[in-house]
Amino acid sequence: MDTASLGRRVAQAREDAGMTQDGLGRAVELDRSAISRLEKGDRKLNVPELVQIAAVLGRPLSYFVAEPVPAVVSRRSDTTHAHATTRQLDVELEQFSSDVRGLVGRGLLPAPERVVRRAPRDHAEAESTAASIRAQASLGSGPIADLGQTCEALGMYTFSASLGEQGADGGCVEVEGDAGTVGATVLNGDVPAGRRRMTLAHELGHWLFGDAYDSEASISSERMINSFAIHFLAPRAGVMRVWDEHHSWAPRDRALAVGAMFRLSWSATISQLRNLELIAYGQHRSLSENEPSYGDYLRLGLTWIDEFSAPYLSPSFTTAILNQYAAGRLTSARSLELLRGTLAADQLPKRNVSMEDLHRSFVGHDD
């Protein structure tokens, strides 16, 4: 990365941390003028200075030295289709996608052959496309047991970060490399579980339809991707089977059973029931005004799996990092940085490496 780009990264990270140039200078024992020249691209940084700045600003070294992945994302909300962006999401996406690119480029993460599909133009096409993708992934018509692993198999890797209850729901970028193209998605792990699941299915739609870079997507196209997402998560046959199995229950309780089985938010559950004409418009409106508590599910003996709470990483991503650590190709510090809080230092696997491997790690060959 050139000096000017590095300077811009330092300036952005400093502003994100709420620090002045003078404050950063004092923290790293440099004059304010040196920080100013650095941010303008007029001063080079040596490695110890960069390490110190990264630590003070709470950024990994890769944030300052890796080339960024082009960042356009679908950032969705559960209640609107606006692209409500936050800087924190941008940072997490940039860092995660950069790490994904590095692992794919070294052959440590698979890049499945990608077939870009046409985005659905109506709800019927959204449903048929969802059915086709489920068939491709051998999912049947029941709930998807491991949505993160399913997304991996379709070429999209996921990180769930703590972005705040009011933060953006998530976003996706395409990561291109010599080994192939994959998707990298960041979810907001602080929003409710059903909403996280719906967001991931929505971002999967953007990835499959080849428009992960479409930051100006229309409300109509976002609605069609949402339609794909709900049919992918809760297909018609599976929903109707659960609905019919609980025919003796009141409509609200039957809706609770569907939501728990397919791990949907309440709004997504009743919307899908309305889509499938299992409830009338008036029932939908009444149910939307009577959102259940967790106790409502427990009262019926229904369980809820809390997926994608922060931090979460795609299984293959975690496996790749731990295998590299165990083989002595990554230091513990770098491994923990890449694992993003999903494991603690005392949870890392035992290493079985030679003295030569250890020597290489100390002389900087552990990127």
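Coordinates for the structure precede this section.
Within each chain, residues carry numbers counting from 1 in the order of the written sequence. In view of the model being predicted, local features appear only for residues whose pLDDT reaches at least 70, and side-chain atom pairs are presented and counted only at 80 or more, with totals across whole chains, interfaces and linings using the full set of residues. Side-chain numbers here rest on the full set of heavy atoms in the structure, without hydrogens or water.

**Looking at the nonpolar core**
Point 1. Ranked by internal contacts, the top residues of the largest apolar core, which has 47 residues, are Leu147, Leu204, Leu208, Phe228, Phe232, Val239 and Leu273.
Point 2. Working definition: helices are DSSP H or I runs of at least four residues, strands are E runs of at least two. Numbering for both runs from the N terminus. Mapped onto this core, the elements with two or more residues apiece are α7 (123-136), α8 (147-153), α9 (193-208), α10 (219-233), α11 (236-245), α12 (251-262) and α13 (266-275).
Point 3. As used in this record, nonpolar core signifies buried Ala, Val, Leu, Ile, Met, Phe, Trp, Tyr and Cys residues forming a set joined through side-chain atoms within 4.5 Å. Residue burial is assigned from relative accessible area. The probe radius is 1.4 Å, only protein chains are included, and a residue is buried under 20% of its type maximum, exposed over 50%, and partly exposed in between. Counting 27 residues, the second largest nonpolar core, distinct from the first, contains Leu93, Val104, Val175 and Leu338.

**Digging into the side chain of Arg263**
Point 1. Mapping Arg263 onto the fold places it in the loop between α12 and α13.
Point 2. Arg263 gets classed as buried once you look at its relative accessible area, which sits at 11%.
Point 3. In protein, a polar contact requires one atom able to donate a hydrogen and another able to accept it; more generally it is a pair of N or O atoms within 3.5 Å, and residues adjacent in sequence count only if both atoms are side-chain atoms. Polar contacts involving the side chain of Arg263 include one to the main-chain carbonyl oxygen of Ala145, which spans 3.1 Å.
Point 4. Within the structure, the side chain of Arg263 is placed 3.1 Å from the side chain of Glu307, a separation counted as a polar contact.
Point 5. Arg263 has contacts with Ile144, Ala145, Gly194, Arg197, Trp304, Ile305 and Glu307, leaving out every residue within four places of it along the chain. Throughout, a contact is declared for two residues whenever any of their heavy atoms are within 4.5 Å.

**Focus: the packing of α12 against α13**
Two numbers describe a pair of packed helices, the interaxial angle and the distance between the axes.
Point 1. Under this scheme, a helix contributes an axis fitted over its contacting stretch, all axes are lines through C-alpha atoms, and angles between N-to-C directions fall in the 0 to 180 degree range. Where α12 contacts α13, the two axes come as close as 9 Å, and the packing angle between them is 110°. By the angle class used here, α12 and α13 are roughly perpendicular. Here α12 runs over α13; the crossing is right-handed. Along its contact with α12, which presents Arg252, Ala255, Leu256, Val258 and Gly259, the element α13 presents Trp266, Thr269 and Leu273.
Point 2. Of the residues assigned to the contact of α12 with α13, the class counts are five nonpolar, two polar and one charged. Angle categories are assigned with fixed cut-offs, so that under 35 degrees is roughly parallel, over 145 is roughly antiparallel, 65 to 115 is roughly perpendicular, and the rest are oblique. By convention the crossing between two helices is left-handed if the near helix lies anticlockwise of the far one by an angle smaller than a right angle, and right-handed if it lies clockwise. Classes in brief: Ala, Val, Leu, Ile, Met, Phe, Trp, Tyr, Cys and Pro nonpolar; Asp, Glu, Lys and Arg charged; the others, Gly included, polar.

**Description of the sheet that holds strand β4 (residues 312-313)**
Point 1. The sheet built from four strands is open, its strands ordered β2-β3-β1-β4 with mixed pairing. The open sheet is flanked by β2 (170-177) and β4, the only strands paired with a single partner.
Point 2. In this sheet, β4 lies alongside strand β1 (residues 156-161) in antiparallel orientation, the contact comprising two bridges. Residue Phe159 lies in a different strand from β4, and its bridge partner there is Leu313. Two strands are counted as paired when DSSP detects at least two bridges linking them.

This is a description of form; function is not addressed.
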